Amino acid sequence: MRSALGHWNTGLGVYLAACLAFAAHAQEAKPSAEAKPSAEAKPNIVIIGTGGTIAGAGASSVNTAAYQAAVVPVDKVIAAVPEVKNIANVRGEQIFQIGSESFNNQRLLQLGKRVSELLKQKDVDGVVITHGTDTLEETAYFLNLTLKSTKPVVVVGSMRPGTALGADGALNLYAAVVVAASKEAVGKGTLVVLNDEIHTGRDVTKTNTFKTETFRSPYGPLGYIVEGRVLLYRLPARPHTVQTEFDIDQIKALPEVHVAYAYGDMSRTAYDGFVKAGVKAIIHAGTGNGSVSEFIVPVLKEVRSKGIHVVRASRTGSGVVIRNGEQPDDKYDWLVVDDQNPQKARILMALLLTRTNDSKELQKLFWKY
Ligand code: DGL
């Protein structure tokens, strides 16, 4: 993210400042003598770096929201948290160095396939993925549905770069490694760890542009991570990982599914553009309970008549969309989400279309996952 102040140190200057800041912390925070690594063999955790703010750097320590994301290599991000060595044998792997707003389907598949490969290895006990927070929830939901392993996978990010006062990335990364190395996280699906909380990739969503407590789940976190302890109080209720019919290793490409954001004066332009682009489904991010304005009902009926699925979701951010509530879905052969927000509905619909095109089956699967 470019500095909002406009004037900007060169990327190199920022990068060097970030490395110095990370190195200084790494120097100070050598694991204390008391925290001797335990005698028994420690789990092997691979930390895959994709970019984001957790790998970001600001021009000064007071740049908490105006900084450059995805500039610090994953090995330097790890070196800034030497405490992780007390928990696990860790090694870094840089798969991307991007802002997560650029996580397209191709990158999602590439990441998923690499994680799947690592989880098959006997010398890998868990994976942590450092990720930008903008689309972190989409990646976590996708992995939660498609990875075929019970080994822990934890997606982690930060809201402030490591160069900032009150930076949250180091503790988030430490917590993510603790969770990934824990027996409690086995078989719980893909998890998201930030701000001392453990969330299921299914429910969590980013709710604020700059606050460190931005990640919320409508039903609350699964638990906490505090003082290196994993405290779980709830379990995921919907099928995930080994319980689903989706297998990342078998998916070559994701069908094109896009989201149209609705509002009072919505025009048909977005829908026409998606149809022209050859989408297989359109997620209608409707007002309220997935409402469709009177001008757009005929447009969506026309979309469906072309064999493209219409899925009613809600722009409200939580709640369920009731089938045949705001619109006669049975009559129009439209679908409704369960409680998935529009961006997660897009991920799920793309996966569902790799399995079936039948409306009744698709609707059942929305309510299953
Ligand atoms: N460019 C945004 C991203 O990579 C920065 C936000 C962040 O990582 O917190 O998602």
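About the thresholds
- Residues numbered from 1 in each chain as written.
- Predicted model: local features only at pLDDT ≥ 70, side-chain atom pairs only at ≥ 80, totals over all residues.
- Heavy atoms only, no water.
- Pairing = 2+ DSSP bridges.
- Helix = DSSP H or I, 4+ residues; strand = E, 2+ residues; numbered from the N terminus.
- Right-handed = clockwise from strand over helix to strand, strands pointing away.
- Axes fitted to C-alpha atoms, helices over the stretch in contact; angles between N-to-C directions.
- Parallel < 35°, antiparallel > 145°, perpendicular 65-115°, else oblique.
- Left-handed = near helix turned anticlockwise from the far one by under 90°.
- Contact = heavy atoms within 4.5 Å.
- Nonpolar A, V, L, I, M, F, W, Y, C, P; charged D, E, K, R; others polar.

1. Regarding the pairing of strand β2 (residues 89-98)
In terms of strand pairing, strand β1 (residues 44-51) meets β2 through seven bridges, oriented parallel. Counted as the bridge partner of Ile45 is Val90 from β2. With helix α2 (residues 74-79) bridging β1 and the parallel β2, this β-α-β connection has right-handed handedness.

2. Digging into the packing of helix α9 (residues 342-352) against helix α10 (residues 359-368)
The contact between α9 and α10 brings their axes to 11 Å, and the two run at 135 degrees. The orientation of α9 relative to α10 falls into the category oblique. Like other packed secondary-structure pairs, α9 and α10 cross with a definite hand, here right-handed. Between α9, through Ala345, Leu348, Met349 and Leu352, and α10, the contact on the second element is made entirely by Leu362, Leu365 and Phe366. When grouped by side-chain class, the residues that make up the contact of α9 with α10 number seven nonpolar, no polar and no charged.

3. Digging into the sheet that holds strand β13 (residues 309-314)
With parallel pairing, the four strands of this open sheet are ordered in space as β11-β12-β13-β14. Of all the strands in the sheet, just β11 (257-261) and β14 (335-336) have a single pairing partner and so form its edges. Two strands pair when backbone bridges link them, and strand β12 (residues 281-286) and β13 are joined in this way by six bridges, in the parallel orientation. When the bridges of β13 are listed, Ala281 appears paired with His309. The sheet strands contacting helix α6 (residues 269-277) are β11 and β12, and the helix crosses β11 at an angle near 170 degrees.

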